Amino acid sequence: MTQTTLSPFYRMTNLVQHYEWGSRTALTTLFGLPNPEGAPQAELWMGAHPNGCSLVEVDGAPTRLADLIAAHPEATLGASAAPVGALPFLFKVLCAEKALSVQVHPSKAQAQAGFARDNAAGLTANAPNRNYRDDNHKPELVFALTPYQAMNGFRDFAAILALFQLVAAPSLASLVSAFAAEQTPAGLARFFRALLTLQGHAKEEALAALHAAALAHREEETFAAVLDLFEQYPGDVGLFAPLLLHVVTLAPGQAMYLGAGTPHAYIRGAGLEIMANSDNVLRAGLTGKHMDVEELLSCTRCEPTPAEKIMLAPHLEGAVQHFDVPVPDFTFSVYPAGLHELHSASAEVLLAIDGELSLVQEGASLSLQPGQSAFVPAATGRYRVQAKGRFARAGNRV
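Residues numbered from 1 in each chain as written. Predicted model: local features only at pLDDT ≥ 70, side-chain atom pairs only at ≥ 80, totals over all residues. Heavy atoms only, no water.

1. Structural notes on unusual backbone geometry
With the exception of glycine, most residues fall at negative phi, and the peptide bonds are largely trans. Quick reminder of the rule: Numbering of helices and strands starts at the N terminus; helices are DSSP runs of H or I of at least 4 residues and strands are runs of E of at least 2.
The residue Leu 286 is not glycine, and still its phi comes out positive at about 55 degrees. Inspection of the secondary structure puts Leu 286 in the loop between strand E13 (282-283) and helix H11 (293-298). One non-glycine residue, Glu 362, lies in positive phi territory at about 40 degrees. Along the chain, Glu 362 turns up in the loop between strand E19 (357-361) and strand E20 (364-368).

In structure tokens, the structure reads:
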């Protein structure tokens, strides 16, 4: 790389991840992204993650965004993030046709300890039984572009008990009674562990009772979700998750924040997702991948999430929506059509959602069509955006 002066804007070429749960139509419907082979297109990654680094053009040559950042850490990231030397966040378009695994993300301290433990055990970076892929936490926010169904956070204890009593599985009767007698986080943790470790006839009988109850109450969102998941993951202990967790459907424009220790799963829909730059996932069902129940439970907060706290309401600056999160790794805002005067204090990624976007600074300009994104270095400073539709702006707190 020979460039010594940064451009104010860089058009990004982004990787599509073809995970099997991805939609075959959403990226084409939303952004006109071609998919001639009809492959599942699960996630469009915008960032500098080693498993899917965006490309930018430097001196006419395609260059990894990570390499541009490494060559100019302070100018690209800003003074606060420069010592880390990496983009603190990963921004995605996520399109789910099939449910993702039920999962929990560790705190930063848990990730650091777990990563060191896995390394000391001699596990390779891609070992299938590795719990921690890096030493970072993975808080995340999702913003719905279409109706977006998900599970997020434990229901209150009484609601969980009522649903399991409705299922009335004989093989679960003693577990349900024990939880009813101890409606505490510790009681829920024991109940959750017992469900995740069900085996043999007890598991088969419990799932059969769950399926029968779901058929009888299929008009309710919880049990409709159970029936959908039965088609996707037959025989999986994660099929109990809708009885444990809130089942919610975000309307387009609504958002949720998911912090450390909160069990959750995305069921279907398309949205924007931003997270700390990590790949740490501890799974709790709806998966064929490694599940370490004890490690999962050590990182899970077995406490109810109040229903009114599931959605993350933005604070408004005129018609601009700013979604405040309790971590410094990322910021996220959605801007309406119009002229906007902006200032980059951190590295930023702008994504055109549903209209053309023009970025301008002192003679330099860049135009984006819906679904296209730009990297804006921290050193860019003041610039203008003329938007014909909404756009998303991602950065990190400084």
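Right, picking up where we left off after that structure.
2. Focus: the pairing of strand E8 (residues 140-144)
To keep things clear, this is the line we draw: Buried residues are those whose accessible area, probed at 1.4 Å on protein chains only, stays under 20% of the maximum for their type, while exposed residues exceed 50% and partly exposed ones sit between those limits. Strands are labelled as partners when DSSP assigns at least two bridges between them.
Counting buried residues in E8 gives five out of five residues, a clear majority hidden from the surface. Along E8, one buried face is formed by Glu 140, Val 142 and Ala 144 and the opposite face, lined by Leu 141 and Phe 143, is buried too. Here E8 pairs with strand E11 (residues 255-258) via four bridges, running antiparallel. Bridge pairing links Leu 141 to Tyr 257 in E11. Note: E8 against strand E12 (residues 264-276), five bridges, orientation antiparallel.

3. Focus: helix H8 (residues 200-216)
Put simply, the test is: Each helix should span, by expectation, one fewer than its residue count multiplied by 1.5 Å. What the arc covers is the set of directions going from the helix axis to the C-beta atoms. Whether two residues are in contact is decided by their heavy atoms: any pair within 4.5 Å suffices.
Under the 1.5 Å per step criterion, the end-to-end length of H8 is 25 Å for 17 residues, consistent within 8% with the ideal 24 Å. Burial in H8 covers these residues: Ala 206, Leu 207, Ala 209, Leu 210, Ala 213 and Ala 214. The buried side chains of H8 occupy one side of the element, clustering within an arc of 160 degrees when seen end-on. Away from its buried face, by an angle of more than 90 degrees, H8 presents the exposed residues His 201, Glu 204 and Ala 216. Along its buried surface, H8 packs onto helix H5 (157-167), helix H9 (221-232) and helix H10 (241-244).

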